[in-house]
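Structural description and commentary
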Amino acid sequence: EFCKMVKAIVGANWGDEGKGKITDVLANDSDIVIRFQGGANAGHTIVNDYGKFALHQLPSGVFHQNITNIIGNGVAFSVENFVKEMAHLKDRGVPEPNIIISDRAQIVMPYHLTATRKSVSAKILLVQQRAVSLRSILTSIQKSVSRLMNFMMIPIHSERKSDTLLKSRMQL
């Protein structure tokens, strides 16, 4: 039996399709479960005999002892989050899973998070500055339109009075 069936569960959306749950259901009859992309912000909720778990770094197969779980090269791998998740499994009585981490997984370091926070803060500041600029431009346009409307609504009672009003409106 050289060729075995391969089951691949791949989501076409940005998440929340239930990939983790489907993987967990099919995992017991599998040899390998691979998490091949995503970061620590992604995750899937698994409910089983051990309880309810929100996995962010670990593949769904970690609850099955007969499975080799692989964290692949497309994963943004946070060592800190991985250690926390493994400790959480142990605290809840889950036997230690068989896990292999690809030597090509992208390691997320603390300075990456700091740089990301700074980048996001800078983008938020830029958006706020643009909003202030836009608000001032819109206020200026509103004033200009208001002046134009006032100019156009000059009551004409007499030649002299309108000339005086016209000159005063043009100086605004």
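Higher on the page you've got the structure.
I will try to describe carefully the structure that is included in this document. (Residues numbered from 1 in each chain as written. Predicted model: local features only at pLDDT ≥ 70, side-chain atom pairs only at ≥ 80, totals over all residues. Heavy atoms only, no water.)

This part is about the side chain of N69. Here N69 lies in strand β4 (residues 68–78). Note on N69: relative accessible area 0%, which makes it buried. Beyond its immediate sequence surroundings of up to four residues, N69 is in contact with V33, P59, G61, V62, P97, N98, I99 and I100. (Helix = DSSP H or I, 4+ residues; strand = E, 2+ residues; numbered from the N terminus. Buried < 20%, exposed > 50% of the residue type's maximum accessible area, 1.4 Å probe, protein only. Contact = heavy atoms within 4.5 Å.)

Turning our eyes to something else, we now look at helix α2 (residues 79–91). If you check α2, its first and last C-alpha atoms are 18 Å apart, about what 13 residues at 1.5 Å a residue would give, namely 18 Å. Among the residues of α2, F82, E85, M86 and L89 are the ones counted as buried. Buried residues in α2, looked at end-on, bunch into an arc of 100°, giving them a common side. Relative to its buried face, α2 has exposed residues pointing more than 90 degrees away, namely V83, K84 and D91. (Expected span 1.5 Å × (residues − 1). Arc of directions from axis to C-beta.)

Under the definition given, this model contains three aromatic pairs. For the pair Y50 and F63, a centre-to-centre distance of 6.4 Å together with 25° between the ring planes defines the contact as stacked. Taken together, the residues span a long stretch of sequence, with Y50 in the loop between β2 (44–48) and β3 (51–55) and F63 in the loop between β3 and β4 at a distance of 13 residues. Looking at Y50, the relative accessible area reads 31%, which means it is partly exposed. What makes F63 buried here is its relative accessible area of 7%. Ring plane angle 50° and centroid distance 4.8 Å describe the contact between F53 and F63, whose orientation is recorded as tilted. A residue pair is termed long-range when its members are at least 10 positions apart, and F53 in strand β3 and F63 in the loop between β3 and β4 qualify at 10 residues. An aromatic cluster of at least three residues, connected via ring pairs, comprises Y50, F53 and F63. Between the NZ or CZ atom of R92 and the centre of the ring of F53, over which it lies, the distance is 4.4 Å. (Phe/Tyr/Trp six-rings, centres within 6.5 Å; stacked < 30°, edge-to-face > 60°. Lys NZ or Arg CZ within 6 Å of the ring centre and 35° of its normal.)

One pass over the full model with this rule turns up one salt bridge. Put simply, E80 and K84 hold a salt bridge, and the shortest N to O gap is 3.4 Å. Within this pair, E80 and its partner K84 are both found in helix α2, separated by four residues, close to a single helical turn. (Salt bridge = Lys/Arg side-chain N within 4 Å of Asp/Glu carboxyl O.)

Of all hydrophobic cores here, the largest spans 14 residues; its most connected members are L55, L58, F63 and L89. Of all the secondary structure elements, the ones that give two or more residues to this core are β3, β4 and α2. When near neighbours in sequence (up to four residues on either side) are disregarded, L58 contacts R35, H44, F82, E85, M86, L89 and I99. (Core = buried A, V, L, I, M, F, W, Y, C linked by side-chain atoms within 4.5 Å.)

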